[in-house]
Amino acid sequence: GAGRWLDARADFQQALQLAETDALKALNQNNVAWASLMANDPALNTEALELASSAYRFSPNQPAFAGTYAHALLVSGDPAGAKVLLEQTIPRHHRPRDRALNLCLLAMCQARLGEPEAAQASIEKAAELSPECQLLERARDALSAAALPASAGS
């Protein structure tokens, strides 16, 4: 919650190096990828996609792994692929905070895919579930950015 994503990333990288089982390795791959994506540094996106993909392949039914992989797909330029994965994953999240994070990611996908009404609805639901969601601002920014080209011609 402190936004110290690069510090968290370093800690998870160390844990990944020490992982003694495939399950711990996948968990730490997912965590390194998530922290990298949350740091919002494009230089980390390729590694995040590789790690998230590996964790997801290990346990595709784990909603957290699917959400991280969808986030990596989104920032890597595949909002359509991310959207499909998020639509399958969101109903499986039991914690409001986790569902809100994935709804924000879904909103970003929808905004990039030219679905502003759906994006707005996803943002509203995310805010209702978790007003302090760490991705709400990014989702709102994505929706605003998607609306700019249409407004520029007006």
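Quick caveat, the model's predicted, so the values are computed rather than measured.

Caption draft 1: Region of the structure containing the overall build of the chain. Check the secondary structure of the chain and you find 8 helices and 0 strands. Secondary structure of the chain in N-to-C order comes out as α-α-α-α-α-α-α-α. The C-alpha radius of gyration computed for the chain amounts to 15 Å, which stays within 12% of the reference 15 Å derived for 154 residues, consistent with globular compactness. When each of the 154 residues of the chain is scored for burial, the buried share is 43%. Just so you have it, the chain exposes about 8,200 Å², and 52% of that area is on carbon and sulfur atoms. Positive and negative side-chain charges in the chain, numbering 13 and 17 respectively, have mean positions lying 3 Å apart.

Caption draft 2: Examining the packing of aromatic side chains more closely. Scanning the entire structure with this criterion turns up 1 aromatic pair. Measuring from ring centre to ring centre gives 5.0 Å for Tyr-56 and Tyr-69, while their planes differ by 20 degrees; the resulting arrangement is stacked. Taken together, the residues span a long stretch of sequence, with Tyr-56 in helix 3 (residues 45–58) and Tyr-69 in helix 4 (residues 63–75) at a distance of 13 residues.

Caption draft 3: Looking closely at helix 4. With 13 residues, helix 4 extends 18 Å between its outermost C-alpha atoms, agreeing within 8% with the 18 Å of an ideal straight helix rising 1.5 Å per residue. Pro-63, Phe-65, Ala-66, Gly-67, Thr-68, Tyr-69, Ala-70, His-71, Ala-72, Leu-73 and Leu-74 are the residues of helix 4 that are buried. Where helix 4 begins, one side-chain oxygen reaches toward the backbone nitrogen of Ala-64, 3.2 Å away; that side chain belongs to Gln-62.

Caption draft 4: Structural detail: the packing of helix 1 (residues 5–18) against helix 2 (residues 22–39). Where helix 1 meets helix 2, the axes come as close as 8 Å, and the angle between the chain directions of the two elements is 160 degrees. Overall, the two elements helix 1 and helix 2 adopt an arrangement that is roughly antiparallel. Handedness of the crossing formed by helix 1 with helix 2: left-handed. Of the residues in helix 2, those in contact with Trp-5, Leu-6, Ala-8, Arg-9, Phe-12, Gln-13, Ala-15 and Leu-16 of helix 1 are Lys-25, Asn-28, Gln-29, Asn-31, Val-32, Trp-34, Ala-35, Ser-36, Met-38 and Ala-39. Its residues assigned to classes, the contact of helix 1 with helix 2 shows 11 nonpolar, 5 polar and 2 charged.

Caption draft 5: Up close: unusual backbone geometry. Positive phi, close to 60 degrees, is recorded for Asn-40, a residue that is not glycine. The residue Asn-40 is located in the loop between helix 2 and helix 3 in this model. By relative accessible area, Asn-40 is classed as exposed at 54%.

Caption draft 6: Local environment of the packing of helix 4 against helix 5 (residues 79–89). At a minimum axis distance of 8 Å, the contact between helix 4 and helix 5 shows a crossing angle of 160 degrees. Considered as vectors, helix 4 and helix 5 are oriented roughly antiparallel to each other. Of the two possible hands of crossing, helix 4 and helix 5 adopt the one that is left-handed. Packed against helix 4, whose contacting residues are Pro-63, Ala-66, Gly-67, Tyr-69, Ala-70, Leu-73 and Leu-74, the element helix 5 presents Pro-79, Gly-81, Ala-82, Leu-85, Leu-86 and Thr-89 at the interface. Of the residues that constitute the contact of helix 4 with helix 5, the class distribution is 10 nonpolar, 3 polar and no charged.

Caption draft 7: Highlighting the pattern of salt bridges. Under the counting rule described, the total for this entry stands at 7 salt bridges. Ionic pairing is found between Asp-7 and Arg-4, a salt bridge with its closest N-O pair at 2.9 Å. Residue class for Arg-4 comes out exposed when judged on its relative accessible area of 56%. Arg-95 is paired through a salt bridge with Asp-98; the nearest N and O atoms lie 3.5 Å apart. Classification of Arg-95 by relative accessible area gives partly exposed; the value is 46%.

How each quantity is defined
- Residues numbered from 1 in each chain as written.
- Predicted model: local features only at pLDDT ≥ 70, side-chain atom pairs only at ≥ 80, totals over all residues.
- Heavy atoms only, no water.
- Helix = DSSP H or I, 4+ residues; strand = E, 2+ residues; numbered from the N terminus.
- Rg over C-alpha atoms; globule rule 2.2 N^0.38 Å.
- Buried < 20%, exposed > 50% of the residue type's maximum accessible area, 1.4 Å probe, protein only.
- Areas by Shrake-Rupley, 256 points an atom, 1.4 Å probe, with all protein chains shown as cover.
- Lys, Arg positive; Asp, Glu negative; His and termini not counted.
- Charge placed at Lys NZ, Arg CZ, Asp CG, Glu CD.
- Phe/Tyr/Trp six-rings, centres within 6.5 Å; stacked < 30°, edge-to-face > 60°.
- Expected span 1.5 Å × (residues − 1).
- Polar contact = N/O pair within 3.5 Å; in protein donor to acceptor, adjacent residues only side chain to side chain.
- Axes fitted to C-alpha atoms, helices over the stretch in contact; angles between N-to-C directions.
- Parallel < 35°, antiparallel > 145°, perpendicular 65-115°, else oblique.
- Left-handed = near helix turned anticlockwise from the far one by under 90°.
- Contact = heavy atoms within 4.5 Å.
- Nonpolar A, V, L, I, M, F, W, Y, C, P; charged D, E, K, R; others polar.
- Salt bridge = Lys/Arg side-chain N within 4 Å of Asp/Glu carboxyl O.

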